[in-house]
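Report on the structure
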Amino acid sequence: MASDLNDGRPLTLRRWLRHLHDTDRLFVARAGVGLKFELAAVAKCLDGTKAVFFPGPGGHEIPVVSGLVSNRGWIAEALGVPASAVLQRFREATEHPVAWSEVDAGAAPCQQVVKKDVDIRADLPIPTHSEHDSGPYITAGVVIARNPVTGIQNVSINRIQINSRNRMAALLLPRHLHAFFAEAESRGEALPVAVVVGVDPLVLLASQAITPIDRDELEIAGALGGAPLSVVKCLTNDVRVPAQAEIVIEGRFLPGVRESEGPFGEFPKYYSAQEKREVIQIDLITHRRNPIYHTIIPSEMEHLLLGAIPREATLLSHLQKSFPNVLDVHLSVGGVCRYHLYVKLRKHHEGEPKNVILGALSGHYDIKHVVVVDEDVDVHDPRQVEWAVATRFQADRDLVVISGAQGSALDPSTTKVFGAAETHIPRQLQGLGAKMGLDATRPLEYGEYVFTKVIIPGSDRIDVDDFAASDMSDVIHLLESDS
Ligand code: MN
């Protein structure tokens, strides 16, 4: 019954949705679910269990999908590896990218239909997600641009607000796309761009890789899929986009132009304030015949996991360079898959956990709190990590605090010092905050059984069905004799 994902053909959004359907993980909604809040509310209810397909959303002829990857197991399936091998697989792909192969215009499904007279508000079914959002947002737009100096591409997902029929505003964090645009703008030039909506989970995952600036993430997508990704040149610029994509918005970031963007409910489950942001002028939209539009519900599992897996892979690789006995890392869901890192360490020296804490905090500026645990603690289980903190940690000896470091600009607690009235914090102060590390490892040597975890022999292997009685009548008889 299940469609075979590993038959050698490249993964596409449609194949992935078909696979989810065949394995009872695709919820098809009734036609006409509302684009304002209602669609996001339904998808949120199914978050973590099923992807959702919305035919005719808000009466629009283009359907919307959401929740393509709800848990780690689904990502492992898309990669064709066991869940325990996901980070290693992702790391191999970043270390051994596969160059894309270009197909001719005309051979690319994403260019089957060309729309020149664009009104994006009417052309695409773009949902409004959260209560105080400024309006409709593209949340699964894979943004591709070329370095104006080298021509090498960058791929990222940026939130994009719809401003008018052919203008959008985007949030550019201080990373690669921002650097490309700063270079173009300093020359007084626009930066050509493509916003691609409706790609498979591997392209989405690759877009979130933490890599050097001149590494085209589409090559990581190729490595994840085990074959060169086929791409096609945009019709109005030189950007190459995945040929199998559903929808491509071609445009330019305009030099010297900023327009209001926000508020918008972001991954930490808080709103980003309205600010002046970079603007994309839309030139053209191309799409497949009968395209499918993808939206990511902010801060739900699809959003959090797509950020977590590439970050974990990078952080594990970064830590293992200095500490080969780091065994695993996990960005917890409660820490919005960004701020809280749990590290599993086979400790050799009593000071080592603190070195690991310092290493982890330098791995990515989003990391705020680090907990280091021993081998017998599952870092993917927050209850076990809390147990280690409860029983192997003393705050006066095992705590590391560093003040005034760079953290996430989207962490609202970093703004506490600015007072209630302050809404516009200078960029160089955004996210300024403290780091904390907890050494929740037990000592290497301890008195008999003091730190020995209690285990009931056999409890990890028992199938209780083997122990069920076949006849319960004697027991029922006993319980009924109540006098
Ligand atoms: Mn990049």
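Structure: see above.
As the structure is a prediction and not an experimental result, all values here were calculated from the model.

This paragraph deals with the overall build of the protein. Tallying secondary structure elements over the protein gives 13 helices and 23 strands in all. Scaling as 2.2 N^0.38, a compact globule of 483 residues should have a C-alpha radius of gyration of about 23 Å, and the protein matches this with 25 Å. Within the protein, the proportion of its 483 residues that are buried is 50%. Considering only contacts in the protein between residues 6 or more positions apart, those separated by 24 or more positions represent 71%.

Turning our eyes to something else, we now look at the pattern of salt bridges. Enumeration according to the criterion identifies 30 salt bridges in this entry. Here Arg-121 ties to Asp-119 by a salt bridge, and the two come within 3.1 Å at their closest N and O atoms. Judged by relative accessible area, Asp-119 falls into the buried class, the value being 17%. Note that Arg-258 is salt-bridged to Glu-278, the shortest N-O span being 3.7 Å. Of the two residues, Arg-258 sits in strand β14 (residues 247–261) while Glu-278 sits in strand β17 (residues 275–287), which places them 20 residues apart along the sequence. A relative accessible area of 33% means that Arg-258 is categorised as partly exposed.

Moving on, we come to the side chain of His-294. Tracing the chain through its elements places His-294 in strand β18 (residues 293–294). For His-294, a relative accessible area of 0% corresponds to the buried category. A polar contact is formed between the side chain of His-294 and the side chain of Glu-302, at a distance of 2.8 Å. Once you skip the residues sitting within four places of it in the chain, His-294 turns out to touch Val-65, Ser-66, Leu-68, Ala-140, Val-197, Gly-198, Leu-204 and Glu-302.

Residues Ile-462, Val-464 and Phe-467 make up a contiguous nonpolar surface patch of roughly 350 Å² in combined accessible area. Among the structural elements, Phe-467 can be located in the loop between β23 (432–439) and α13 (473–480).

Looking now at the coordination of the manganese ion. Coordination of the manganese ion by the protein is provided by Asn-154 (OD1), His-176 (ND1) and Glu-217 (OE), with metal-donor distances spanning 2.0 to 2.3 Å. For the manganese ion, all donor residues lie on one chain, and their spacing in sequence is N-x21-H-x40-E. Of this pair, His-176 sits in helix α6 (residues 176–186) while Glu-217 sits in helix α8 (residues 217–225), placing them 41 residues apart in sequence.

Right, let's get into the packing of aromatic side chains. Evaluation of the coordinates by the stated rule reveals four aromatic pairs. With centroids separated by 4.2 Å and ring planes inclined at 35°, the aromatic side chains of Tyr-137 and Phe-264 adopt a geometry described as tilted. Here Tyr-137 is found in strand β6 (residues 137–138), whereas its partner Phe-264 is found in strand β15 (residues 264–265), with 127 residues between them in sequence. Both rings, one in Tyr-446 and one in Phe-451, keep their centres 5.5 Å apart while their planes meet at 70°; by these two values the pair is edge-to-face. Here Tyr-446 falls in the partly exposed class, since its relative accessible area comes to 32%. One cation-aromatic arrangement involves Arg-25 over Trp-74; the distance from NZ or CZ to the ring centre is 5.1 Å. It is Arg-338 that lies over the ring of Phe-267; its NZ or CZ is 4.5 Å from the centre.

A few words now on the nonpolar core. Among the nonpolar cores identified, the biggest contains 82 residues, and Trp-16, Val-196, Leu-224, Val-241, Val-326 and Val-343 are the most heavily contacted of them. At 10 residues, the largest contribution of residues to this core is made by helix α9 (residues 301–322). When we break this core down by domain, the ones giving at least three residues each are domain 1 (85–296) and domain 2 (323–440). In contact with Val-326, not counting residues within four places along its chain, are Leu-316, Leu-319, Gln-320, Val-343, Lys-344, Leu-345 and Val-356. Membership of the second largest hydrophobic core comes to 39 residues, among which are Ala-40, Ala-43, Leu-124 and Leu-177.

Now for the sheet that holds strand β12 (residues 230–233). The sheet built from three strands is open, its strands ordered β4-β12-β13 with mixed pairing. Of all the strands in the sheet, just β4 (101–102) and β13 (240–242) have a single pairing partner and so form its edges. Where β12 lies against β13, three bridges are found, and the strand directions are antiparallel. The partner of Val-231 across the bridge, within β13, is Pro-242.

On to α6, then. Looking only at α6, the buried set comprises His-176, Leu-177, Phe-180, Phe-181 and Ala-184. Looking straight down α6, one finds its buried side chains confined to an arc of 135°; they lie on one side. Those residues of α6 that are buried are in contact with β7 (142–146), β8 (153–157), β11 (191–197), α8, β14 and β17. Positive backbone phi, at 75°, marks Gly-188, one or two positions downstream of α6.

Below, the discussion takes up the pairing of strand β10 (residues 167–170). Relative to β10, strand β9 (residues 160–162) runs antiparallel, the two sharing three bridges. Among the inter-strand pairings, Ile-160 is bridged to a residue of β10, identified as Ala-170. Connecting β9 to the next strand, β10, in antiparallel fashion are four residues. One ladder, built from four bridges, connects β10 with β17; its direction is antiparallel. Opposite Ala-170, over in β17, you have Glu-278 as the bridge partner.

Conventions we followed
Residues numbered from 1 in each chain as written. Predicted model: local features only at pLDDT ≥ 70, side-chain atom pairs only at ≥ 80, totals over all residues. Heavy atoms only, no water. Helix = DSSP H or I, 4+ residues; strand = E, 2+ residues; numbered from the N terminus. Rg over C-alpha atoms; globule rule 2.2 N^0.38 Å. Buried < 20%, exposed > 50% of the residue type's maximum accessible area, 1.4 Å probe, protein only. Contact = heavy atoms within 4.5 Å. Salt bridge = Lys/Arg side-chain N within 4 Å of Asp/Glu carboxyl O. Polar contact = N/O pair within 3.5 Å; in protein donor to acceptor, adjacent residues only side chain to side chain. Patch = residues over 30% accessible without salt bridge, like charges linked within 9 Å, V, L, I, M, F, W, Y side chains within 5 Å. Areas by Shrake-Rupley, 256 points an atom, 1.4 Å probe, with all protein chains shown as cover. Donors = N, O, S within 2.8 Å, 3.2 Å for Na, K, Ca; no water. Phe/Tyr/Trp six-rings, centres within 6.5 Å; stacked < 30°, edge-to-face > 60°. Lys NZ or Arg CZ within 6 Å of the ring centre and 35° of its normal. Core = buried A, V, L, I, M, F, W, Y, C linked by side-chain atoms within 4.5 Å. Domains from an automatic or database assignment. Pairing = 2+ DSSP bridges. Arc of directions from axis to C-beta.

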